[in-house]
Protein chains: 4
Amino acid sequence: MDIIVLRQGATEEEIRHIVKRLESRGLKVNLSQGTERTIIGVIGDTSKVTEEEEDAIRAADGVENVVRILKPYKLASREFKKENTEISVGGTIVGGKKIPIMAGPCAVENRTILTGIAEKVQAAGASFLRGGAYKPRTSPYSFQGLGEEGLRYLAEAREKTGLPVVTEIMDPRDLDVIVQYCDIIQIGARNMQNFRLLLEVGSANKPVLLKRGLSSTIKEWLMSAEYIMSRGNHNVMLCERGIRTFETATRNTLDLSAVPVLKQLTHLPVVVDPSHGVGKRSLVAPMAKAAVAAGADALIIEVHTNPEEAMSDGEQSLKPEEFEKLIVELRPVAEAVGREI
Amino acid sequence: MDIIVLRQGATEEEIRHIVKRLESRGLKVNLSQGTERTIIGVIGDTSKVTEEEEDAIRAADGVENVVRILKPYKLASREFKKENTEISVGGTIVGGKKIPIMAGPCAVENRTILTGIAEKVQAAGASFLRGGAYKPRTSPYSFQGLGEEGLRYLAEAREKTGLPVVTEIMDPRDLDVIVQYCDIIQIGARNMQNFRLLLEVGSANKPVLLKRGLSSTIKEWLMSAEYIMSRGNHNVMLCERGIRTFETATRNTLDLSAVPVLKQLTHLPVVVDPSHGVGKRSLVAPMAKAAVAAGADALIIEVHTNPEEAMSDGEQSLKPEEFEKLIVELRPVAEAVGREI
Amino acid sequence: MDIIVLRQGATEEEIRHIVKRLESRGLKVNLSQGTERTIIGVIGDTSKVTEEEEDAIRAADGVENVVRILKPYKLASREFKKENTEISVGGTIVGGKKIPIMAGPCAVENRTILTGIAEKVQAAGASFLRGGAYKPRTSPYSFQGLGEEGLRYLAEAREKTGLPVVTEIMDPRDLDVIVQYCDIIQIGARNMQNFRLLLEVGSANKPVLLKRGLSSTIKEWLMSAEYIMSRGNHNVMLCERGIRTFETATRNTLDLSAVPVLKQLTHLPVVVDPSHGVGKRSLVAPMAKAAVAAGADALIIEVHTNPEEAMSDGEQSLKPEEFEKLIVELRPVAEAVGREI
Amino acid sequence: MDIIVLRQGATEEEIRHIVKRLESRGLKVNLSQGTERTIIGVIGDTSKVTEEEEDAIRAADGVENVVRILKPYKLASREFKKENTEISVGGTIVGGKKIPIMAGPCAVENRTILTGIAEKVQAAGASFLRGGAYKPRTSPYSFQGLGEEGLRYLAEAREKTGLPVVTEIMDPRDLDVIVQYCDIIQIGARNMQNFRLLLEVGSANKPVLLKRGLSSTIKEWLMSAEYIMSRGNHNVMLCERGIRTFETATRNTLDLSAVPVLKQLTHLPVVVDPSHGVGKRSLVAPMAKAAVAAGADALIIEVHTNPEEAMSDGEQSLKPEEFEKLIVELRPVAEAVGREI
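Each chain carries its own residue numbering, running from 1 in the written order of its sequence. In the order they appear in the text, chains get letters beginning with A and ligands get numbers beginning with 1. Confidence filtering applies because this is a predicted model: local features only for residues at pLDDT of at least 70, side-chain atom pairs given and counted only at 80 or more, and all residues used for totals across whole chains, interfaces and linings. Based on all heavy atoms of the structure, the side-chain values leave hydrogens and waters out of the count.

Chemist: Even after reading the chapter, I still don't get the overall build of chain A, so can you show me in this structure?
Modeler: Secondary structure counts use DSSP, requiring at least four H or I residues in a row for a helix and at least two E residues in a row for a strand, with both numbered from the N terminus. Across its full length, chain A carries eleven helices and 14 strands. Here the C-alpha coordinates of chain A stretch approximately 75 × 45 × 40 Å along the principal axes. Here chain A holds 341 residues, and 68% of them are scored as buried. When contacts within chain A are restricted to residue pairs at least 6 apart in sequence, long-range pairs at least 24 apart make up 67% of them. Only carbon and sulfur atoms are counted for the fraction: they give 45% of the accessible area of chain A, which is about 11,100 Å². Note that His is not counted, nor are the chain ends; the positive residues are Lys and Arg, and the negative ones are Asp and Glu. A charged residue contributes its charge at one atom only: NZ of Lys, CZ of Arg, CG of Asp or CD of Glu. Of the side-chain charges in chain A, 44 are positive and 47 negative, and the distance between the mean point of each set is 2 Å. The buried label goes to any residue with under 20% of its type's maximum accessible area, the exposed label to any with over 50%, and the partly exposed label to all in between, with areas taken from a 1.4 Å probe on protein chains only. In what follows, residue pairs with any heavy atoms lying within 4.5 Å of each other are defined as contacts. Here the accessible surface of atoms and residues is derived via Shrake-Rupley with a 1.4 Å probe, and residues count as covered only by protein chains that are part of the display.

Encoded structure:
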């Protein structure tokens, strides 16, 4: 059901024109003529009304506004699938009672450092190893990642620790090589509306971690999940990582209310990245706990054995001992909300 | 210490002018002439440099930027007072290990409803009764609150339940009557930078709950606390209640990272208002838990016996049974982070 | 006409309840039962439905959303008054073909400086003198304005130059003294939702310049104008002065599209303040021209004979010769859009 | 020159560590020990200090903040190239005294409609034809563009009208085919930080129109231009098209102050897209005039012969007669600021 609000003074002619248009799409209309406005209620399966059609109606003479009532996403919606989606990766479930922790460095820097970190986070209780081989950097003069070499190091670290691997894709041309090495493909915040990339991973046979865009609404984010799912890949995890606001005390503003909002709107698992959300090491632990209390299904946390030497995001990376302490502190919080770490 | 960055090509004359100006204020300067920029480091107690002085330097010829290193607030800062401020109100401490809950309706509507709610929230475990007698409403045609009559009902409800009372002030002319009845004076989000009102409550002998402005940075918020404290009233609680962002799925975006940020910057207690933060009843409970996990010192929650008949904010008010359930669920979360409800 | 969207699965009972409620207010309803949602169209004068009533319906069981079609402001709307409001102040019209310029220092600092500036801006072609005697400053330690002394200097400067005077009010208790001296009362951005102050100036017999709040929507801004008008004072000018966004290259983001939006929604004159909008002297001139091209009815610009010694906002103040040059450059722009300076 | 601010109480050891680190990169340091903070001024060519290095220092113990003084972009900066860059496309200059207008439909829909529009906009005075063959759509179920077929129609329309063609690239794999047909490659807002795509067009021998990201700062935008330029393609035009804010009265908030800011920071031409900036047909004309008054070097405007039937963005497309009228009205505005259309 959609609603079309007509301008004050819309002519009979204009109204007839719109009604005819809708009826030609097999829809029924319900005219409500108020004292100040006329409103057209559209009855029938308006999901068949495309975005273009809606835009066209909005552009028609006499129309003041079109209010879309139905959600524009389907596969991602709770209405489509009532029960939570549980995604199994290498034997670990994301979206179940247990809250898995993904941890590791921002970027894969070299084999030794990566393995060192992987062993530490595994010992501390992490379930996944994160690490970027392809890095989206603001500056063309910055370290752009090791590429396939980095992927190989990730695979080696998985070999050693048994931890499945999460890594970011930036270019559809890298898909083949990335799927060869990783267990979860990450779509970064800057690529949340890189629609070609979404379609590409939608055809891959790997779970996807879809980060929220810096200034994306929850609805747009779900539409991007829908892009991936529309190609057949339904194993999508949504990762809140902070939005851009006017506040500068934190790197971004971690929107934890997105967690319960998403749990209502979608069946997909919700991951929280407190590291990017706040951008400062000392704030990661309280926000990780808050994320669990808010209902997050998983966490992704940056850990580095030597943050000061990290090639990116050292400022927000936990040291292994801090990470270990955090895991210990998270357990009772998880239990307090009926979950476990 | 402040830093003044000069424009590329600033003349000797311009530099001399600024240096002289600073030295006339008893400050020492440290000139760093780089290959591309000259920078003036200002040494001494630059807190004596007023905002005007700083603006003037920023406006001077040859100046590109002024970087203020020292915090512009003093009394509110952790540097000024290392240990947490604990504010005792009618025997209940705000800022201690125990997390008190403030609860009640958005607006005081009449004696019967208010007393009913007060008794329910007290039974459920609340420590304070909230309720507005003066209501800031977007529309002049909306219910503006009962005024002094509402204050009397609050006092009566306190009599019956023993719960100290939190209520909002909107006008300096109402201070005398408000302090007569209430235990904590609330400054609402829209008045966070109503500086005259801040000065007024700064002279009052009552604790103040200072809500964060809709689009106020944490720094501006602390400056508003400083306004109150500068008049001698050091009993200020800071209340996060959501900021304005582009997201429309929630009424505001509850910035929980403000909690740990504030715990670092200031000794003042931090309160979280999840009701206004999210604006939807079903999201209040998860965000209340998240607030506690993030380190909040107190919560303020809207409760109404009949949200549907509430004269404002019914949409975000918990029913008493929901509130009771929430308190029960909050206890283990508080314990998980070393606190108690 | 308002629209109430019911949740999927809303019961007959819930629907009946809402319908009854509306009918008891003398409204007619129009039920549209779609395949996925039921929608209630409300017919009749829904402007009688108060904000409280609307909130209550929104809070009712079974309701997903309430879409308000009618504008919540009346007196301020174009529908209420088709022709542009022209406000005459000391013989100068604001809202007519001619675009008057208001100019002067941010704050009144002393008699000599103010008179000097007043004479310069008058000579350059300004029609009003601006200057603050009561200053809203972020810090309690900053210069807060000269108070009544400042008002006297403004009145003296008017005496000398013939320029009517615009000055800011911060506290309802200052109204009597301010109206004695000034010609236009300014409500600053931080007080746009200081509703008590709005009501107070609504009873005054002086035109009001209402600045847009830092993060206020155009709708909220018009509601604040409605507050003033609801008390009988219909001489309100709306002043765009920049909104708060994530961008830090400018002090605020001057939302010039607000100008044509307002010209459609309201009959009130629209003023633009490029000085606060951008916060940097070198950006004032291009944005002043852009404001005129966008359809502004007046400009308000900060001018100081010695920006470097200004007690506030020196960084964004034009020097008199820059102001003079700007006026000259603005003339052809105004003519290009059918106006004059 | 960069500045490192140390935490209060940073140890000698920590300071030495940082100083050593900087000196090992061939930089000189200047220690300023204030009463409350120590500050390290870094002298030498700090542009050699990579982002990683800076992050590492920020992450080091004892460091409170790093203030970067030098701009992180070089090739795009005014310092690098003082005079305006003029980009010649098919004989038309972008960045010169004359302000060329790019016009056309949002999406290429079919040959007939496109040719029709192209002829109309050319007759009205446009210098370029815009039109998308690859469309970034929020929904996977929406029209995604005609692809190469669309490019062919664009080339045909160019043939007929002589207008060079601007079209969007979304995927690096489409570059070869796109450069074959178009004259200016557009990078859309959602791809402003699709760094792989930026590098790809950086190697192409075609001018690039780089739209500003929805929530990108001007600095990030210039960094994206730097990405393209770093690969050798210096023909980059920056296109302001509105940023995301809390305001919903317009589709985006057109940040016209970005125009004069950019004219100071960079030598690259600045284009304004009022159509996307406001999203409503009736607001396009005033904002187009304002853009010219603010100093824009070119405009890009959506025009459609039948907005109501447009497959996207009909709501914001001008009809040919409206476009023609706008061009006529723009001429005197351009002349008023020393330019021409």
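Continuing now.
Chemist: What is the right way to look at the sheet that holds strand β13 (residues 270–272) of chain A in this model?
Modeler: Sheet strands associate in pairs through backbone hydrogen bonding, adopting either a parallel or an antiparallel arrangement. Residues and elements named next belong to chain A. Strand pairing is assigned whenever DSSP detects at least two bridges linking the two strands. Taking strand neighbours around the barrel as the criterion, the eight strands line up as β7-β8-β9-β10-β11-β12-β13-β14 in a closed arrangement whose pairing is parallel. Sheet twist, expressed as the average angle between the axes of neighbouring strands with direction ignored, equals 30°. Note that strand β12 (residues 236–240) and β13 share three bridges and pair parallel. Directly across from Leu238, in β13, lies its bridge partner Val270. Simply put, an axis is a line fit to the C-alpha atoms, just over the touching stretch for a helix, and the angle between two N-to-C directions goes from 0 to 180 degrees.

Chemist: Would you take a moment to explain the packing of helix α3 (residues 111–124) of chain C against helix α11 (residues 320–336) of chain C for this structure?
Modeler: Pairs of packed helices are described in terms of their axes, by the angle between the two and the distance that separates them. Residues and elements named next belong to chain C. One can describe the packing of α3 onto α11 by two numbers: an axis separation of 9 Å at closest approach and a directional angle of 20°. In terms of their interaxial angle, α3 and α11 are classed as roughly parallel. By crossing handedness, the relation of α3 to α11 is classed as right-handed. Contacts between α3 and α11 involve Lys120, Val121 and Ala124 from the first element and Pro320, Phe323, Glu324, Ile327 and Arg331 from the second. For classification, angles of less than 35 degrees are called roughly parallel, those exceeding 145 degrees roughly antiparallel, those between 65 and 115 degrees roughly perpendicular, and all remaining angles oblique. Left-handed describes a crossing whose near helix is turned anticlockwise from the far helix through less than a right angle; right-handed describes the clockwise counterpart.

Chemist: Whenever I open this one, the relation of the copies chain B and chain C confuses me. Can you help?
Modeler: The pair of chain copies shares a relation made of a rotation about an axis and a shift along it. Least-squares fitting of chain B to chain C yields an RMSD of 0.0 Å, with the transformation described by 0.0 Å of translation along the axis and a rotation of 180°. Both chain copies can therefore be described as sitting about a two-fold axis. When C-alpha distances to the rotation axis are compared across chain B, the minimum falls at B:Ser215, with a value of 3.1 Å. We place the copies in one frame by least squares, fitting the C-alpha atoms of every residue whose pLDDT is at least 70 in both.

Chemist: Sorry, what's going on with the nonpolar core here?
Modeler: One recurring pattern in soluble globular proteins is that nonpolar side chains are buried together. Counting 336 residues, the largest nonpolar core has A:Phe323, B:Phe323, C:Phe323 and D:Phe323 as its most contacted members. When neighbours within four sequence positions are excluded, B:Phe323 is seen to be in contact with B:Ile101, B:Ala103, B:Val121, B:Ala124, B:Ala126, B:Ile301, B:Val303 and B:Leu318. Among buried residues, the Ala, Val, Leu, Ile, Met, Phe, Trp, Tyr and Cys ones that are joined through side-chain atoms within 4.5 Å form a nonpolar core.

Chemist: Looking at this model, I keep getting lost on the packing of helix α6 (residues 195–202) of chain D against helix α7 (residues 218–230) of chain D. Mind explaining?
Modeler: Residue and element names in this part refer to chain D. Direction vectors running N to C along α6 and α7 enclose 40°, while the axes themselves pass 7 Å from each other. Our classification of the angle between α6 and α7 gives oblique. Crossing geometry of α6 relative to α7 is assigned as right-handed. On α7, the residues touching Phe195, Leu198, Leu199, Val201 and Gly202 of α6 are Ser224, Tyr227, Ile228 and Ser230.

Chemist: Teacher, can you tell me more about the interface of chain B and chain C here?
Modeler: Many authors give the size of an interface as the accessible area that is lost as the parts come together. The interface is formed by 56 residues belonging to chain B together with 56 residues belonging to chain C. The salt bridge definition used is simple: a Lys or Arg side-chain nitrogen within 4 Å of an Asp or Glu carboxyl oxygen. Here chain B and chain C share eight salt bridges between them. The partner of B:Asp174 in a salt bridge is C:Arg196, with the nearest N and O atoms 3.0 Å apart. Polar contact criterion, stated in full: a pair of N or O atoms within 3.5 Å, where within protein one must be able to donate a hydrogen and the other to accept it, and residues adjacent in sequence count only if both atoms are side-chain atoms. Here chain B is connected to chain C by 21 residue pairs in polar contact (both at pLDDT 80 or more). Contributing elements (two or more residues each) for the side of chain B that touches chain C: α1 (12–23), α2 (51–59), α6 (195–202) and α7 (218–230) of chain B. If you tally residues by element for the side of chain B that touches chain C, the top one is α2(B), at six residues.

Chemist: Would you mind going over α1(B) with me for this structure?
Modeler: Residues that lie three or four places apart on an α-helix share one face, since the helix turns once every 3.6 residues. All names here are of chain B. Between its terminal C-alpha atoms α1 stretches 16 Å, which fits the 16 Å expected from twelve residues at 1.5 Å a residue. Restricting attention to buried positions, one finds in α1 the residues Ile15, Ile18, Val19, Arg21 and Leu22. Buried positions in α1, seen along its axis, are confined to an arc of 160° and lie on one side of it. Turned more than 90 degrees away from the buried face of α1 sit Glu12, Arg16 and Lys20, all of them exposed. Given the number of residues in a helix, its expected span is that number minus one, multiplied by 1.5 Å. To be clear, the arc concerns the directions from the helix axis to the C-beta atoms.

Chemist: How should I be thinking about the pattern of salt bridges in this particular structure?
Modeler: Close approach of charged atoms allows side chains with opposite charge to pair. Tallied over the entire structure, the rule returns 72 salt bridges over all chains. Close ionic contact of D:Glu13 with D:Arg16 constitutes a salt bridge, the shortest N to O distance being 3.1 Å. Of this pair, D:Glu13 and D:Arg16 both sit in helix α1 (residues 12–23), three residues apart, which is roughly one turn of that helix. Through salt bridges that share partners, A:Asp171, A:Arg173, A:Asp174, D:Arg196 and D:Glu200 make up one connected network.

Chemist: Sorry if this is basic, but what is going on with the sheet that holds strand β11 (residues 208–211) of chain B here?
Modeler: Residues and elements named next belong to chain B. Around the barrel, eight strands lie side by side as β7-β8-β9-β10-β11-β12-β13-β14; this closed barrel has parallel pairing. Taken pair by pair, the neighbouring strands of this sheet meet at an average axis angle of 30°, ignoring direction. Sheet analysis places strand β7 (residues 101–104) next to strand β14 (residues 298–302), joined by four bridges and oriented parallel. Bridge pairing links Met102 to Ile300 in β14. Across the sheet, helix α4 (residues 148–161) touches β8 (128–130) and β9 (165–169), and the angle it forms with β9 is around 165°.

Chemist: Sorry, what's going on with the pairing of strand β10 (residues 184–187) of chain C here?
Modeler: Sheet faces and side chains relate simply in a regular strand, where the side chains alternate between the two faces. Residues and elements named next belong to chain C. Of the two faces of β10, both are covered, the one formed by Ile184 and Gln186 as well as the one formed by Ile185 and Ile187. Where β10 meets strand β11 (residues 208–211), three bridges bridge the pair, whose relative direction is parallel. Along β11, the bridge assignment pairs Ile185 with Val208. In this region the chain leaves β10, passes through helix α6 (residues 195–202) and returns to the parallel neighbour β11; the handedness of that crossover is right-handed. By the criterion used throughout, a crossover qualifies as right-handed when its path from the first strand across the helix to the second strand runs clockwise, the strands pointing away from the viewer.

Chemist: Just to check I follow, could you spell out the side chain of B:Ser77 for this structure?
Modeler: All names here are of chain B. Its place among the elements puts Ser77 in the loop between β4 (63–68) and β5 (87–89). Residue Ser77 is classed as buried on the basis of its relative accessible area of 4%. If sequence neighbours within four positions are ignored, Ser77 has contacts with Leu265, Thr266 and His267.

Chemist: What is the right way to read the packing of aromatic side chains from this model?
Modeler: By convention here, two paired aromatic rings are described through the distance between centres and the angle between planes. Residues and elements named next belong to chain A. Centre distance within 6.5 Å is the pairing criterion for rings of Phe, Tyr and Trp, where only the six-membered ring of Trp is used; planes under 30 degrees apart are then read as stacked, over 60 as edge-to-face, and the remainder as tilted. Applying the stated rule across the entire model yields four aromatic pairs over all chains. Arranged with centres 4.6 Å apart and planes meeting at 20°, the rings of Phe195 and Tyr227 form a pair that is stacked. Taken together, the residues span a long stretch of sequence, with Phe195 in helix α6 (residues 195–202) and Tyr227 in helix α7 (residues 218–230) at a distance of 32 residues. Taking relative accessible area as the criterion, Phe195 reaches 2% and is therefore assigned buried.

Chemist: Would you mind going over helix α11 (residues 320–336) of chain B with me for this structure?
Modeler: All names here are of chain B. End to end, α11 covers 25 Å across 17 residues, agreeing with the expected 24 Å (1.5 Å per residue, within 8%). Considering bend angle alone, the principal kink of α11 is centred on Leu330 and spans about 25°; proline Pro332 follows within four residues of it. All buried positions along α11 are accounted for by Pro320, Phe323, Leu326, Ile327, Leu330, Val333, Ala334 and Ala336. Gly338 lies just past α11 and shows a positive phi near 75°. Note on bend: at a given residue it equals the angle between the axes fitted to the 7 residues ending there and to the 7 starting there.

Chemist: Is there a simple way to explain the confidence of the model for chain A in this structure?
Modeler: Low-pLDDT stretches of the model should not have their predicted coordinates read in fine detail. In this model, chain A carries an average pLDDT of 92, and 96% of its residues clear a pLDDT of 70 or more. Across the whole predicted complex the pTM is 0.92, and at the interface the ipTM reaches 0.90. Confidence of the predictor at the level of single residues is given by pLDDT, which spans 0 to 100.

Chemist: Sorry if this is basic, but what is going on with the side chain of D:Arg339 here?
Modeler: Residues and elements named next belong to chain D. You can see Arg339 is positioned in the segment after α11 (320–336). Judged by its relative accessible area of 15%, Arg339 falls in the buried class. At a separation of 3.0 Å, a polar atom in the side chain of Arg339 contacts the main-chain carbonyl oxygen of Lys97. In contact with Arg339, not counting residues within four places along its chain, are Gly96, Lys97, Ile99, Gly295, Ala296, Asp297 and Ala334.

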